[in-house]
Amino acid sequence: MTDTAPTAAADGLRERKKRATRDAILLAARRLFMDKGFDDVTVAEIAAAADVSEKTVFNHFPTKEDLALAGGEERLADVLEAIRTRPEGTPVIEVFRVATLNLVDLIEHGDVEAFLAVPRMVRSSKTLRERLPISWEREAAALTPVVAEAAGVAEDDVVAAIVARTLAWTNRMIFRRAFQGLMAGEDRRAVATRLRAETEQVYDQLAAGLGGYGVQE
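The rules behind each value
- Residues numbered from 1 in each chain as written.
- Predicted model: local features only at pLDDT ≥ 70, side-chain atom pairs only at ≥ 80, totals over all residues.
- Heavy atoms only, no water.
- Salt bridge = Lys/Arg side-chain N within 4 Å of Asp/Glu carboxyl O.
- Helix = DSSP H or I, 4+ residues; strand = E, 2+ residues; numbered from the N terminus.
- Buried < 20%, exposed > 50% of the residue type's maximum accessible area, 1.4 Å probe, protein only.
- Axes fitted to C-alpha atoms, helices over the stretch in contact; angles between N-to-C directions.
- Parallel < 35°, antiparallel > 145°, perpendicular 65-115°, else oblique.
- Nonpolar A, V, L, I, M, F, W, Y, C, P; charged D, E, K, R; others polar.
- Contact = heavy atoms within 4.5 Å.
- Phe/Tyr/Trp six-rings, centres within 6.5 Å; stacked < 30°, edge-to-face > 60°.
- Lys, Arg positive; Asp, Glu negative; His and termini not counted.
- Polar contact = N/O pair within 3.5 Å; in protein donor to acceptor, adjacent residues only side chain to side chain.
- 1 Å grid on protein atoms, 1.4 Å probe; cavity = no way out; pocket = protein on both sides within 12 Å on 5 of 7 lines; lining within 4 Å.
- Points joined across faces, edges and corners; volume = space filled by probe spheres on them.
- Arc of directions from axis to C-beta.

Draft legend 1. Highlighting the pattern of salt bridges. Tallied over the entire structure, the rule returns 18 salt bridges. Measuring nitrogen to oxygen at the nearest pair gives 2.8 Å for the salt bridge that ties Glu-113 to Arg-120. When the shortest N-O distance is used, the salt bridge between Arg-165 and Glu-137 registers 2.5 Å. In this pair, Arg-165 is assigned in helix α9 (residues 158-183) and Glu-137 in helix α8 (residues 126-151), connecting sequence segments 28 residues apart. With a relative accessible area of 28%, Arg-165 lands in the partly exposed category.

Draft legend 2. Broad picture of the packing of helix α6 (residues 92-109) against helix α10 (residues 188-210). The contact between α6 and α10 brings their axes to 9 Å, and the two run at 175°. Considering their axes alone, α6 and α10 lie roughly antiparallel with respect to each other. Across the contact of α6 with α10, the residue classes break down as twelve nonpolar, three polar and eight charged.

Draft legend 3. Geometry of the packing of helix α7 (residues 112-123) against α8. Two elements in contact, α7 and α8, have axes whose closest approach is 6 Å; the angle formed by their N-to-C orientations is 110°. Classified by the interaxial angle, the pair formed by α7 and α8 is roughly perpendicular. Each of Met-121, Val-122 and Arg-123 in α7 lies in contact with α8, whose residues at this interface are Leu-128, Arg-129 and Leu-132. Each residue belonging to the contact of α7 with α8 can be placed in one class, and the counts come to four nonpolar, no polar and two charged.

Draft legend 4. Looking closely at the packing of aromatic side chains. The full count for this structure, using the stated rule, is three aromatic pairs. Between Phe-33 and Phe-38, the aromatic rings sit 5.1 Å apart at their centres with planes inclined by 50°, giving tilted as the arrangement. Judged by its relative accessible area of 2%, Phe-38 falls in the buried class. Judged by centre distance (4.9 Å) and plane angle (70°), the ring pair of Trp-136 and Trp-169 falls under edge-to-face. Of this pair, Trp-136 sits in helix α8 while Trp-169 sits in helix α9, and the two are 33 residues apart along the sequence.

Draft legend 5. Representation of the side chain of Lys-64 in the model. Mapped onto the secondary structure, Lys-64 falls in helix α4 (residues 64-68). One buried charged side chain, Lys-64, makes no salt bridge at all; its nearest oppositely charged neighbour is Asp-39, positioned 5.4 Å away. Of the polar contacts made by the side chain of Lys-64, one reaches the backbone oxygen of Phe-38; its length is 2.9 Å. Dropping the residues within four chain positions of it, Lys-64 is found in contact with Phe-33, Phe-38, Asp-39, Val-41, Val-43 and Ile-46.

Draft legend 6. Structural context of the layout of surface pockets. In this model, the largest pocket occupies a volume close to 1,700 Å³. Along the walls of the largest pocket sit 43 residues, with Gly-71, Gly-72, Arg-75, Glu-139 and Phe-175 positioned nearest its centre. Residue assignment for the lining of the largest pocket shows that the elements contributing at least two residues are α1 (4-36), α4, α5 (72-84), α6, α7, α8 and α9. Split into classes, the residues belonging to the lining of the largest pocket amount to 24 nonpolar, six polar and 13 charged.

Draft legend 7. Structural context of helix α2 (residues 43-50). Within α2 the residues assigned to the buried category are Val-43, Ile-46, Ala-47 and Ala-50. Each buried residue of α2 sits inside an arc of 100° when the element is viewed along its axis, so together they form one side.

Written out as structure tokens, the structure is:
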């Protein structure tokens, strides 16, 4: 008889505790950012609000900017998994079409204030606006090899790199248009209706060139 089960249980408990600490830090940071603005909040304040040390904050989030923009990693992971597990014969572009339409559904039926919180914070902070391109390039660097694998080409293939960036930016532009409409006071249902039509129009146009990309013979 081995101690595999107790070890696995201990590992699971540690992971849950780690996740709970990370969530507590993130929640404290978001509240402070919303109340005071990103630039006026210190890591020491975040640590105190989450009842952890500054070192613990940095163990989970290397920079304050990472705290403000947290959440993108999970969304990216979902897209990567969707590309890898898409049904046979499904082009890569359709994964992004679905992801964008899911975003539109969130706008219509989800928590609009939560949706707007991070964009508002970014808009009010020069530091975060300057950080965004770095995050976008990291996203593209993660997307490219997975897109390349889907197409059966080398992970540094230039076409795969361009396709990854094109599709990521398509989703990002729909997000921006949603934010602009909502911030202008447009009704969420009107925004969603408009963006569904625009999403289909854009992806249909892209499909003229990328409709077969990632469908291997």
